[in-house]
Amino acid sequence: MEEKLKTTIDKIVRLSNQNEEFSVELRKALGIMPSANSVLMDDERMGHIYEYCVEKIIRKQAEEFYKDFPISSIVPDLTKDFVRMESFRRKNQFGDFCLALYQQIECMTNKLCEMRVLADIVEKMWSSPAYVKTQKENDPTIDERSDSNYSIAMLIFPGQNKKTGQPYSVEKSRVTLQGQYANDKIRIVVYFLGYKAMMKSGDYDNFVELTGLLSDIYVCRNMNHRGNTLTPWEEENLNRILPLQSFFYFKFMGVLAQYVDFIKQGFPILQDIGNYAKSLSSKKVGLPELRVLGKIKLKDDGKKRFKK
């Protein structure tokens, strides 16, 4: 019904622009005094009516988007931010659009990370292998994990702290879920709810792409900060994104849709993942072990290989 109303209003506006006599008569019917130099599009009242109709449509879309979202207490806030996001997109205000979009992701993520069950899961599973075994005939199961030393902590916290020389997988796995950085919390949600803690090695590229785009949204959201000095990494990413804003409007909205769907799919089995995690013994993440592929036997030619 709202779409039909919007279409009708669009036709009236176009006709008023094309036919001044029609515009004058329409103003009379609405009780608006016509003037010789005015047209309907310039009228503030009609502009408000048009925007009101559009907002009604967007609000309905927002309600449908978050229909059946498992954490009902935050749905009103999510819906409100969705409407703001779409309003900024229509006005081509990219920074504000990214802020409103990120606020939805932030709201969902923070609420999930307040849950005791998720905190217990990550604490017990940091040292578990990141991937499950793939079987041709059967779906993968959470308890059939690969034999690799590549842990969940290594996947979610890649890299190394340059100041301490310690891998992030060691340092950050000692931090509580609530104490993690925003981007790390998002990656945790993607792994444990999106992939239901049953990620296959073949999912790695998709995981990197999705979490990379979520990180891009975070960077663009920071455009709203005043007096903020960009890091070289932030500047590099903004220089990549800003020339293609029209493309990233829709790319970022697609990421939001996938993030919401991940939560919808993973939330119902969160307790099952928790039950599996309880069966595991507590084990801290250690330093990566050196992988010895083989020994090389050097020919004894009488030369000294090392200085004393």
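As a starting point, this report considers the structure included with it. Since the structure is predicted, the reported quantities are computational estimates derived from the model, not experimental observations.

Attention now moves to the overall build of the chain. A count of helices and strands for the chain gives 13 helices and zero strands. Shown N-terminal to C-terminal, the secondary structure of the chain runs as helices and strands in the order α-α-α-α-α-α-α-α-α-α-α-α-α. Scored against the burial criterion, the 308 residues of the chain give a buried share of 39%. A sequence separation of at least 24 residues applies to 66% of the contacts in the chain between residues at least 6 apart.

Here helix α10 (residues 204-221) contains 18 residues, and its C-alpha end-to-end distance of 26 Å stays within 8% of the 26 Å for a straight helix at 1.5 Å per residue. Those residues of α10 that sit buried are F207, L210, T211, L213, L214, S215, D216, I217, V219, C220 and R221. Looking at the buried positions of α10, the neighbouring elements they touch are α5 (94-113), α7 (152-156), α9 (182-194), α11 (232-241) and α12 (245-266).

As a further point, take the layout of surface pockets. Using a probe with the size of a water molecule, rolled over the atoms, empty space left in the structure can be pinpointed. As a volume, the largest pocket reaches approximately 570 Å³. Contributing to the lining of the largest pocket are 16 residues, with K172, N183, D184, S215 and W233 lying nearest its centre. For the lining of the largest pocket, the elements supplying multiple residues, two or more each, are α8 (168-172), α9 and α10. The element best represented in the lining of the largest pocket is α9, accounting for five residues. Of the residues in the lining of the largest pocket, the class split is 10 nonpolar, three polar and three charged.

Attention now moves to the packing of aromatic side chains. For any pair of aromatic rings, geometry is given as the distance between the ring centres together with the angle between the planes. Within this structure, the stated rule accounts for 16 aromatic pairs. Ring centres 5.3 Å apart and planes at 55° place the aromatic pair F248 and F252 in the tilted group. In this pair, F248 and F252 both sit in helix α12, four residues apart, roughly one turn of the helix. Assigned by exposure class, F248 and F252 land together as buried. Here the aromatic residues F94, F97, F247, F248, Y249 and F252 are joined through ring pairs into a cluster of three or more. Positioned above the aromatic ring of Y168 is the side chain of K172, whose terminal nitrogen or guanidinium carbon lies 4.7 Å from the ring centre.

Before going further, it helps to spend a moment on helix α6 (residues 116-125). Of all the residues in α6, the buried ones are V117, L118, A119, I121, V122 and M125. Each element contacted by the buried residues of α6 is listed here: α5, α7, α9 and α13 (270-278).

What counts, and at which threshold
Residues numbered from 1 in each chain as written. Predicted model: local features only at pLDDT ≥ 70, side-chain atom pairs only at ≥ 80, totals over all residues. Heavy atoms only, no water. Helix = DSSP H or I, 4+ residues; strand = E, 2+ residues; numbered from the N terminus. Buried < 20%, exposed > 50% of the residue type's maximum accessible area, 1.4 Å probe, protein only. Contact = heavy atoms within 4.5 Å. Expected span 1.5 Å × (residues − 1). 1 Å grid on protein atoms, 1.4 Å probe; cavity = no way out; pocket = protein on both sides within 12 Å on 5 of 7 lines; lining within 4 Å. Points joined across faces, edges and corners; volume = space filled by probe spheres on them. Nonpolar A, V, L, I, M, F, W, Y, C, P; charged D, E, K, R; others polar. Phe/Tyr/Trp six-rings, centres within 6.5 Å; stacked < 30°, edge-to-face > 60°. Lys NZ or Arg CZ within 6 Å of the ring centre and 35° of its normal.

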